[in-house]
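# Commentary on secondary and tertiary structure
Each chain, written out:
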Amino acid sequence: MAEGSYEPYVDVKSALDRIRGNTQLYKKLLATFLANNQFDQLKQEVASGDGEAAAKTAHAIKGMAGNMSFTALMECVIALEGELKGGQDAAATFSKCEGVFEKTVECAKSLMETL
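Criteria and thresholds
- Residues numbered from 1 in each chain as written.
- Predicted model: local features only at pLDDT ≥ 70, side-chain atom pairs only at ≥ 80, totals over all residues.
- Heavy atoms only, no water.
- Helix = DSSP H or I, 4+ residues; strand = E, 2+ residues; numbered from the N terminus.
- Polar contact = N/O pair within 3.5 Å; in protein donor to acceptor, adjacent residues only side chain to side chain.
- Contact = heavy atoms within 4.5 Å.
- Axes fitted to C-alpha atoms, helices over the stretch in contact; angles between N-to-C directions.
- Parallel < 35°, antiparallel > 145°, perpendicular 65-115°, else oblique.
- Left-handed = near helix turned anticlockwise from the far one by under 90°.
- Nonpolar A, V, L, I, M, F, W, Y, C, P; charged D, E, K, R; others polar.
- Buried < 20%, exposed > 50% of the residue type's maximum accessible area, 1.4 Å probe, protein only.

All right, on to the side chain of E81 then. Mapped onto the fold, E81 is located in helix α5 (residues 71–85). Separated by 2.8 Å, the side chains of E81 and K62 make a polar contact. In contact with E81, other than residues within four places in its own chain, are A55, A58, H59 and K62.

Turning our attention to the packing of helix α3 (residues 38–48) against helix α6 (residues 91–114). The contact between α3 and α6 brings their axes to 12 Å, and the two run at 165°. By the criterion of interaxial angle, the relationship of α3 to α6 is roughly antiparallel. As α3 packs across α6, the resulting crossing turns out to be left-handed. Where α3 abuts α6, its residues F39, L42, K43 and V46 lie against F94, C97, E98 and F101. Class assignment for the residues of the contact of α3 with α6 results in 6 nonpolar, no polar and 2 charged.

Now for unusual backbone geometry. At the junction of E7 and P8, the peptide bond is cis and its omega measures out at 10° in the coordinates. If you trace the backbone, P8 turns up in the segment before α1 (12–18). The residue R20 is not glycine, and still its phi comes out positive at about 55°. Along the chain, the position of R20 falls in the loop between α1 and α2 (23–35). Residue class for R20 comes out exposed when judged on its relative accessible area of 80%. Its identity as a non-glycine residue notwithstanding, S69 has a phi of 65°, on the positive side. Within the secondary structure layout, S69 lies in the loop between α4 (51–68) and α5.

If you want it as structure tokens, here you go:
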């Protein structure tokens, strides 16, 4: 898969530029992301109506997504975090983020094999 084919989910060039082209390090970071359960935690918090905890978890996911150059996930979680902090119904935005997260996971798995 070419670098451009991961967009809008992963900006591979930006990610590798950030870590000076160290593909082994990026693969380790991808493995850490794939093993992380923060999105499952977020799902539980949203489902239980714990907006404060969900906003904190969304904030953590936003930071991780930004650091990994997971562009679409970061943008979606920014919107979700804003809704959660504002006390709004975030169900539709969470559903969108869940789909973006699943696509990002697919890209991360593919990158693990191709880098």
